[in-house]
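So you can see what is in the structure, the chains are spelled out below.
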Amino acid sequence: MEKRKIYILSGLIMFLCMGAIYSWSVFRIPLILELEKSSGHHINATMAQMPYTIFLMFYSFTMPFSGKLIKKLNPKIICIIGSLLVGFAWLLAGESDTIYKIILSYGVLGGIGVGIIYGVPIAVVSEWFPDKKGFAVGITLMGFGLSPFISAPVSNFLIENYGVFNAFKIMGITFIILLSLISLIFKFPTEKHSVVEENKTDLNSREMIRTKSFYALWICFIIGTYIGLSVVGIATTYAIEVVGLNKQFATYLLSFFAIFNGLGRPLFGFLVDKLGTKKTIYLSYILIITASLLQIFKGHNIYFFVIGFVLFFMNLGGWLSIVPAANINIFGRKFSTQNYGILFTAYGIGAFFQGMIGGYIKEKFGSYIYMFYPFIGLCVIGIFITTFALKKIKY
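What comes next is a walk through the structure.

Reading guide: rules and limits
Residues numbered from 1 in each chain as written. Predicted model: local features only at pLDDT ≥ 70, side-chain atom pairs only at ≥ 80, totals over all residues. Heavy atoms only, no water. Helix = DSSP H or I, 4+ residues; strand = E, 2+ residues; numbered from the N terminus. Rg over C-alpha atoms; globule rule 2.2 N^0.38 Å. Buried < 20%, exposed > 50% of the residue type's maximum accessible area, 1.4 Å probe, protein only. Axes fitted to C-alpha atoms, helices over the stretch in contact; angles between N-to-C directions. Parallel < 35°, antiparallel > 145°, perpendicular 65-115°, else oblique. Contact = heavy atoms within 4.5 Å. Nonpolar A, V, L, I, M, F, W, Y, C, P; charged D, E, K, R; others polar. Phe/Tyr/Trp six-rings, centres within 6.5 Å; stacked < 30°, edge-to-face > 60°.

Turning next to the overall build of the protein. Looking only at helices and strands, the protein features 15 helices and 0 strands. Its C-alpha radius of gyration of 20 Å places the protein within 12% of the 21 Å reference for a compact globule of 395 residues. Each principal axis of the C-alpha atoms in the protein carries an extent, and together these give about 60 × 50 × 35 Å. Evaluated residue by residue, the protein yields a buried proportion of 57% over its 395 residues.

Pasting the structure below:
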């Protein structure tokens, strides 16, 4: 049975590759400079961030469709299709000469590719580890959060030595080969190799969306991802403008925070296994409130800044383990893949609002400090919803 650990390792490596999207900030400046130089047109900050935002939205809204196919088609086939789309997205980005082509290739095509693949390692690992699904899925997802720690310096090296467009191409070829090979490993356990688990009520997607628990978990997921993605988006700028750090040290801290984004996934997955869904959600919101208060009252202090942002990044990773585990706890395992795909649309909504609200608050009030007040309010709402609407938890 220990052979089943190969699926965790394979999924982790796959997510390390796909999580290179979080290194967009490394590509952004040299790419925009090259595009402006070749076209002679200025690209504003909002448009420069658009490939990243579009990617997040397409990858989250593709998951409900791919989730329906995972149990119907061979997981190897699904992963290979997604792998080819991801690789070709990076290759096409390397051939682009306008920001709109980058949005279509890197953003749309890349987002669809990752959305197709994303649910497969989660589904396979949760089937092989029903006895400790939260922790096992968390370890697998850790690759997505840790990716910038590896992909950012690798991308920077390629850009400096081969140019930004060739860097896209090199990574695209690498992803096609590596992701396609890893895809061949994935399979679901046969009945005789499955770990026995007590029978639970299994709700399909139509039944799930008729329950209060679905909307409770979905809204809580929006809150968690909106806050986390907002902080990821402003971390470097906040460190420079509010804390007063230089750009090099601020960039170093971003890689440091990425470690906790990765570690948050197995940690909160473990907590769901041990404490249950509700208690883990309460803990997450309390930690986010604590981190927000640190920024409101001590945001200019580097030590409180680091402690607070470690908590923010850790909780962003945590929500990507809490929800898949909670999905199985509440709605059952049989339809868990397609159900999680629907729940994951919350991530896309959180991504959309983080791209809109953060900039508005900065322009309206003059400082990112004011973002943390609504964070606290949203967490209080999340605690209220969890208490009164999230039901049928299996402890």
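Right, let's get into the packing of helix 10 (residues 247-275) against helix 11 (residues 277-298). Two elements in contact, helix 10 and helix 11, have axes whose closest approach is 7 Å; the angle formed by their N-to-C orientations is 135°. Between helix 10 and helix 11, the crossing angle belongs to the class labelled oblique. Facing F268, L271, V272 and L275 of helix 10, the residues of helix 11 in contact are T277, K279, T280, L283, S284 and L287. Residue composition of the contact of helix 10 with helix 11, grouped by class: 6 nonpolar, 3 polar and 1 charged.

Looking now at the packing of aromatic side chains. Within a pair of aromatic rings, the relevant descriptors are the distance that separates the centres and the angle that separates the planes. Counted by the stated rule, this structure contains 44 aromatic pairs. With a centroid separation of 5.5 Å and an interplanar angle of 90°, the aromatic rings of F372 and F375 are classed as edge-to-face. Residue F372 and its partner F375 are located together in helix 15 (residues 372-389), separated by 3 residues, close to a single helical turn. Residue class for F372 comes out buried when judged on its relative accessible area of 0%. When its relative accessible area of 1% is taken as the criterion, F375 is described as buried.

The quantities given are spatial measurements derived from coordinates; they are silent on function.
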